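One-letter residues, chain by chain:
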Amino acid sequence: MRTSRIVLLSCLILVGCGSPTPMPQRLPTRAPTQVAMSVAEEATPFAIPVEAYYEQGVGRQRAADQQGALQHLTWAIRRDPKLAKAFVARGAVHLARDEGEKALHDANVALGMEVSADAFLLRAEALRQMGRPQEALEAFDKALEQNADLRDETFNSRWLTARAAGGQARLAALGQEYAAGHPDDPLRHYYESWALIEAGATMDAVRLLVDGIRNAADPPALLWYALGHAYAGEEAWQQAVTAFEAARGLVQMGDETLGLHAERPVAALFISLGEAYLRAGRCTDAQTMLAYAGSIGAPASTYMPVLQEAQLCPTPTPRATAAPSN
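Keep in mind it's a predicted model, so treat the numbers as computed, not measured.

A.B. asks: I tried to follow helix α10 (residues 168-181) on my own but got confused; where do I start?
C.D. replies: In an α-helix, one full turn covers 3.6 residues, which means residues spaced three or four apart are oriented alike. Taking 1.5 Å per residue, 14 residues should reach 20 Å; α10 reaches 20 Å between its end C-alpha atoms and fits that length. Along α10, the residues classified as buried are L171, L174, G175, Y178 and A179. In a view along the axis of α10, the buried residues occupy a sector of 135°, so they form one face of it. Away from its buried face by more than 90 degrees, α10 exposes A169, Q176, A180 and G181. The inward-facing, buried residues of α10 abut α9 (155-165) and α11 (187-198).

Below, the structure written as structure tokens:
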């Protein structure tokens, strides 16, 4: 998810989780009047140390002032073009602004000066944003080689990237990684089962998920959602409908775990439920779910073919209510 990704970069790249926050140097209110200024001084408004510009940029990024952060970090780079951490910090700002190519450029410049986990992490996220998942996975691997402590913090980004890359072996390895690190977390059943679903072992996924749901005090929506897909893989459409409806009920009550699976989790749920309704013969309900998915921003390519099929379905059924929850 983009929100968690940007928070992660802001924390890990710009300021460091749990580290003391430096007190930024206050900028002068008027430019100095030196007769002769260096090239760097001419390129920036004030003749102050590069660290002051860097700290101002970091502070503005933390305050969600992306434009101000970008400006101050650029001034820091003008004063010291070899300050790798300023390129990484500016790249994180570009990433937050959905400027993947600029973020990738800054990551590569930083890596050309010094190898660091933060720069590789920035490169990985930029490549993921640009739709280059295989290269992104390679960059994530290099980031972890530099700093293994990033394993938990980067897990969801690595998971979404592996899903986009379509690597079943990578998904299986990630599922095992999560289960080993979080043996008491019900979500481990999602990660392990989704790798099975991608591999076509849907009945094994059904067994794993049913067991996980039965043994969880409050099974999250994501387990029900995965179970719906596992049943769909078996063409057990009524069971799939039941699972997806359970997921929808939990989402409407505030469960946000579907965000671990998709960038547009609510749309993904309604598309899945719509197709399950269609295959179960509930054509009008299918139209309602799919049309709602489109109304909340789902790309047409993800729901329109199924919606068109539902519109041609000859068996009208009672109309369901979407009950928006996004």
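After that view, the rundown keeps rolling.
A.B. asks: How should I be thinking about the nonpolar core in this particular structure?
C.D. replies: General note: in soluble globular proteins, nonpolar side chains tend to be found buried as a group. W159, Y190, Y225 and L227 are the most contacted members of the largest nonpolar core, which totals 56 residues. With ten residues, helix α15 (residues 265-279) is the largest single contributor of residues to this core. With near-sequence residues (within four places) excluded, Y190 lies in contact with W159, R163, L209, L222, L223, A226, L260 and H261. Counting 36 residues, the second-largest nonpolar core is a separate cluster that includes W75, F87, A126 and A136.

A.B. asks: What should I look at first to understand the state of the cysteines in this one?
C.D. replies: Between two cysteines, a covalent bond joining their sulfur atoms is known as a disulfide. Applying the stated criterion across every chain, the model contains one disulfide. The residue that forms a disulfide with C283 is C313, at a sulfur-sulfur distance of 1.6 Å. Taken together, the residues C283 in helix α16 (residues 283-295) and C313 in the segment after α17 (300-311) connect sequence positions 30 residues apart. With relative accessibility at 23%, the residue C313 sits in the partly exposed group.

A.B. asks: What's the story with the side chain of S116 in this structure? I'm lost.
C.D. replies: Mapping S116 onto the fold places it in the loop between α6 (100-113) and α7 (117-129). Owing to a relative accessible area of 17%, S116 belongs among the buried residues under this scheme. The contacts of S116, once residues within four sequence positions are left out, are L111 and Q146.

A.B. asks: Please explain α11 as it appears in this structure.
C.D. replies: With twelve residues, α11 should reach 16 Å at 1.5 Å per residue; the first-to-last C-alpha distance of 17 Å fits that figure. Those residues of α11 not exposed but buried are L187, H189, Y190, Y191, S193, W194, A195 and I197. One or two positions beyond α11, positive phi appears at G200, with a value near 85°.

A.B. asks: Would you mind showing me how to read the pattern of salt bridges here?
C.D. replies: Side chains bearing opposite charge may pair, as long as their charged atoms lie close to each other. On inspection of all chains with the given rule, the structure shows 15 salt bridges. The partner of D106 in a salt bridge is R90, with the nearest N and O atoms 2.8 Å apart. Placement of the pair is D106 in helix α6 and R90 in helix α5 (residues 84-96), with a sequence separation of 16 residues. The same class applies to D106 and to R90, which are both buried. The partner of E177 in a salt bridge is R158, with the nearest N and O atoms 2.7 Å apart. Separated by 19 residues along the polypeptide, E177 in helix α10 and R158 in helix α9 bring together distant segments of the chain. Through salt bridges with shared partners, a single ionic network connects E125, R128 and E263.

A.B. asks: Just to check I follow, could you spell out the environment of T202 for this structure?
C.D. replies: You can see T202 is positioned in helix α12 (residues 202-215). The spatial distance from the C-alpha of T202 to the C-alpha of A232 is 8.5 Å, given a sequence separation of 30 residues. Each residue touching T202, except ones within four places of it in the same chain, is listed here: L196, I197, A230, G233 and E234.

A.B. asks: It is not clear to me how the packing of helix α4 (residues 66-79) against α5 should be interpreted in this structure. Could you clarify?
C.D. replies: Packed helices, taken two at a time, are described by their axes: the angle between them and the distance between them. The contact between α4 and α5 brings their axes to 9 Å, and the two run at 155°. The angle between α4 and α5 places the two elements in the roughly antiparallel class. As for the relative orientation of α4 and α5, their crossing is left-handed in sense. In this structure, α4 contributes Q66, A69, L70, L73, T74, A76 and I77 to the contact, and α5 contributes A86, F87, A89, R90, V93, H94 and A96. A per-class count over the contact of α4 with α5 returns ten nonpolar, three polar and one charged.

A.B. asks: Help me understand the packing of aromatic side chains in this model?
C.D. replies: By convention here, two paired aromatic rings are described through the distance between centres and the angle between planes. In the structure shown here, the tally under the stated rule is twelve aromatic pairs. Measuring from centroid to centroid gives 4.8 Å for W159 and Y191, while their planes differ by 85°, and the two rings are edge-to-face. Of this pair, W159 sits in helix α9 while Y191 is found in helix α11, placing the two residues 32 residues apart along the sequence. The exposure class of W159 is buried, given its relative accessible area of 0%. We classify Y191 as buried; its relative accessible area is 2%. Feature note: the residues F155, W159, Y178, Y190, Y191, W194, Y225 and F244 constitute an aromatic cluster, connected by ring pairs.

Rules used in this analysis
- Residues numbered from 1 in each chain as written.
- Predicted model: local features only at pLDDT ≥ 70, side-chain atom pairs only at ≥ 80, totals over all residues.
- Heavy atoms only, no water.
- Helix = DSSP H or I, 4+ residues; strand = E, 2+ residues; numbered from the N terminus.
- Expected span 1.5 Å × (residues − 1).
- Buried < 20%, exposed > 50% of the residue type's maximum accessible area, 1.4 Å probe, protein only.
- Arc of directions from axis to C-beta.
- Contact = heavy atoms within 4.5 Å.
- Core = buried A, V, L, I, M, F, W, Y, C linked by side-chain atoms within 4.5 Å.
- Disulfide = S-S within 2.5 Å.
- Salt bridge = Lys/Arg side-chain N within 4 Å of Asp/Glu carboxyl O.
- Axes fitted to C-alpha atoms, helices over the stretch in contact; angles between N-to-C directions.
- Parallel < 35°, antiparallel > 145°, perpendicular 65-115°, else oblique.
- Left-handed = near helix turned anticlockwise from the far one by under 90°.
- Nonpolar A, V, L, I, M, F, W, Y, C, P; charged D, E, K, R; others polar.
- Phe/Tyr/Trp six-rings, centres within 6.5 Å; stacked < 30°, edge-to-face > 60°.

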